[in-house]
Every structure is written in structure tokens, then in C-alpha cells.
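Examining the three-dimensional arrangement
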Amino acid sequence: GAVVSQHPSRVICKSGTSVKIECRSLDFQATTMFWYRQFPKQSLMLMATSNEGSKATYEQGVEKDKFLINHASLTLSTLTVTSAHPEDSSFYICSAPPGQGSGYTFGSGTRLTVV
Amino acid sequence: ELKVEQNPLFLSMQEGKNYTIYCNYSTTSDRLYWYRQDPGKSLESLFVLLSNGAVKQEGRLMASLDTKARLSTLHITAAVHDLSATYFCAVDPTSGSRLTFGEGTQLTVNP
């Protein structure tokens, strides 16, 4: 089945630095990628939708300048958390839309800790 | 705005018992998804329900969808400890548009 490879799985960074998270579709082309954030003991909240060749669509309340999303090719979407702060510490998960009759494919997630 | 509600949010049950998790949603949709999440891990797809009346079973889990009632159920039969996890339902009224998740049900199966 479809596989989305997400890296890194864990990252610890200092306040004020930037972190890039990558999601690659390994055996299919993804023109769209969804980016979710999950705080402990909570559900997944959609942050933004990246589209290959065009600007990302951000959900209300998500800072575009802080969470930079790029969909450089049909197999790569990236999320960069700029000037990270401790409140950005969370679990970030990417997801590709479903194929015919199948479900959404999720990356393995990135645990970001900002110290 | 689409709302997806699960209940219960917390479920503690004994091994061998049966129980049902409910998922209600507020907008018409023919598609509903169930996922399992273990601590520190991403989501694992359990069921994809794509039509009214759909019923799917895998091991001790069975999911069903009633689009008219806007209700899905996840039934657990003879629970075992390995089923302990958080279970999410999610809906996308338009295929491939976006998923809206329920709050999740944290299931603990006790020996």
C-alpha cells in the first residue's frame, strides 16, 4: 500500500531556532499533503494543506509565517517551524489523501520538543 | 462546521468483555474512518467505511456506518489487553478534502 515517510521522528531544538520536517510519498505521487498537530492527550488538528505547485492553505488561527509549508515536488512536502518556542512542542503528522477505495496514509509523526 | 463526537472518551474494561464506541458527526458524509493510536506513535488505519450500511470486521473489532443517523460504531468483542490504545473516528464529507477527527476514545483493557 501507499507509504508516507516522515523525518525526523524526534527533534529537540533550542528556542528561536527553526526545524524542518519532511514527508515523502514513497510509491505514489501526492499532489496534496495534510499537516496535523497533536498535543498530548488531544485529537489531531489540521494545520494546513500543501499543494504541489501552489501556495499552502492554512487553517484559521495558524500563523503562516511561523509554519512554512512547501510542496516542492509530487513526492515531497515540508513543514518548517520557524523561531520555535516551547509552546510549539507537539507531535506533527503528515497525511496524504486516499487512493481509490482506500484511506488516508499517515506519516510516522515527528515529536518536536523546544527547550 | 463539521463536528465529530465520540463517546465515551475514556473506557476501562476487563478482558473478555464486550463494548461499543460511538461516533456521531454533524454533516452528511458517506465516508468514515477508524484509526488506532498507540502512545507516541502515529495513526494506524483500522477501517474505511465508504457507504451507508457498511460493516467491516477485523479480529475482535467490528465497525459499522449508518449515514442516515450520522453514526458509526466500533464494537469490541472479548477484549484483550493488546487492544489498549486510543481510537479515533474521522470524517471527510468530500473525498480527499480533509479529515475531521473525533476527540478520541482512550481504551484500557485490564486483566
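Provided above is the structure to which this section pertains.
Computed from a predicted model, the values in this text were never measured in an experiment. (Residues numbered from 1 in each chain as written. Chains lettered and ligands numbered in written order. Predicted model: local features only at pLDDT ≥ 70, side-chain atom pairs only at ≥ 80, totals over all residues. Heavy atoms only, no water.)

1. Some thoughts on the overall build of chain A
- Along the backbone of chain A there are zero helices and eleven strands.
- Listing every helix and strand of chain A by position from the N terminus yields β-β-β-β-β-β-β-β-β-β-β.
- Computed over the C-alpha atoms, the radius of gyration of chain A is 13 Å, within 12% of the 13 Å expected from 2.2 N^0.38 for a compact globule of 115 residues.
- Each principal axis of the C-alpha atoms in chain A carries an extent, and together these give about 40 × 30 × 25 Å.
- Looking at the 115 residues of chain A, the share that counts as buried comes to 50%. (Helix = DSSP H or I, 4+ residues; strand = E, 2+ residues; numbered from the N terminus. Rg over C-alpha atoms; globule rule 2.2 N^0.38 Å. Buried < 20%, exposed > 50% of the residue type's maximum accessible area, 1.4 Å probe, protein only.)

2. What to know about the state of the cysteines
- Inspection of the entire model under this criterion finds two disulfides over all chains.
- Sulfur-sulfur distance for the disulfide between C23 of chain A and C94 of chain A comes to 1.8 Å. For the disulfide bridge between C23 of chain A and C94 of chain A, the dihedral angle about the S-S bond is near -90°, and by the sign convention the bridge is left-handed. Of the two residues, C23 of chain A is situated in strand β3 (residues 19–25) and C94 of chain A in strand β9 (residues 90–96); the sequence distance between them amounts to 71 residues.
- The class for C23 of chain A is buried, based on a relative accessible area of 0%.
- A residue is classified by how much of its surface remains accessible, and C94 of chain A, at 0% relative accessible area, is buried.
- Disulfide pairing places C23 of chain B opposite C89 of chain B at an S-S distance of 2.0 Å. Around the S-S axis, the bridge from C23 of chain B to C89 of chain B shows a dihedral of about 85° and counts as right-handed. Taken together, the residues C23 of chain B in strand β3 (residues 19–25) and C89 of chain B in strand β9 (residues 85–91) connect sequence positions 66 residues apart.
- We note that C13 of chain A lacks a disulfide partner, and the nearest cysteine sulfur, in C23 of chain A, lies 17 Å from it. (Disulfide = S-S within 2.5 Å.)

3. Considerations on the pairing of strand β8 (residues 76–81) of chain A
All names here are of chain A.
- Of all six residues in β8, six are buried, a share of seventy percent or more.
- Where burial is concerned, the two faces of β8 agree: the one with L76, T78 and T80 and the one with S77, L79 and V81 are both buried.
- Where strand β7 (residues 67–73) and β8 come together, five bridges link them in antiparallel fashion. Each bridged residue has a counterpart across the sheet, and for N70 the counterpart in β8 is T78.
- Here β7 hands over to β8 after two residues, the two strands then running antiparallel side by side. (Pairing = 2+ DSSP bridges.)

4. Thoughts on the packing of aromatic side chains
- For the structure shown, the criterion picks out ten aromatic pairs over all chains.
- Centroid distance F106 of chain A to Y35 of chain B: 5.1 Å. Interplanar angle 80°. Geometry classified as edge-to-face. One end of the pair, F106 of chain A, is in strand β10 (residues 105–106); the other, Y35 of chain B, is in strand β4 (residues 32–37), on a second chain.
- Taking relative accessible area as the criterion, F106 of chain A reaches 10% and is therefore assigned buried. (Phe/Tyr/Trp six-rings, centres within 6.5 Å; stacked < 30°, edge-to-face > 60°.)

Shape is all these values report; function is a separate question.
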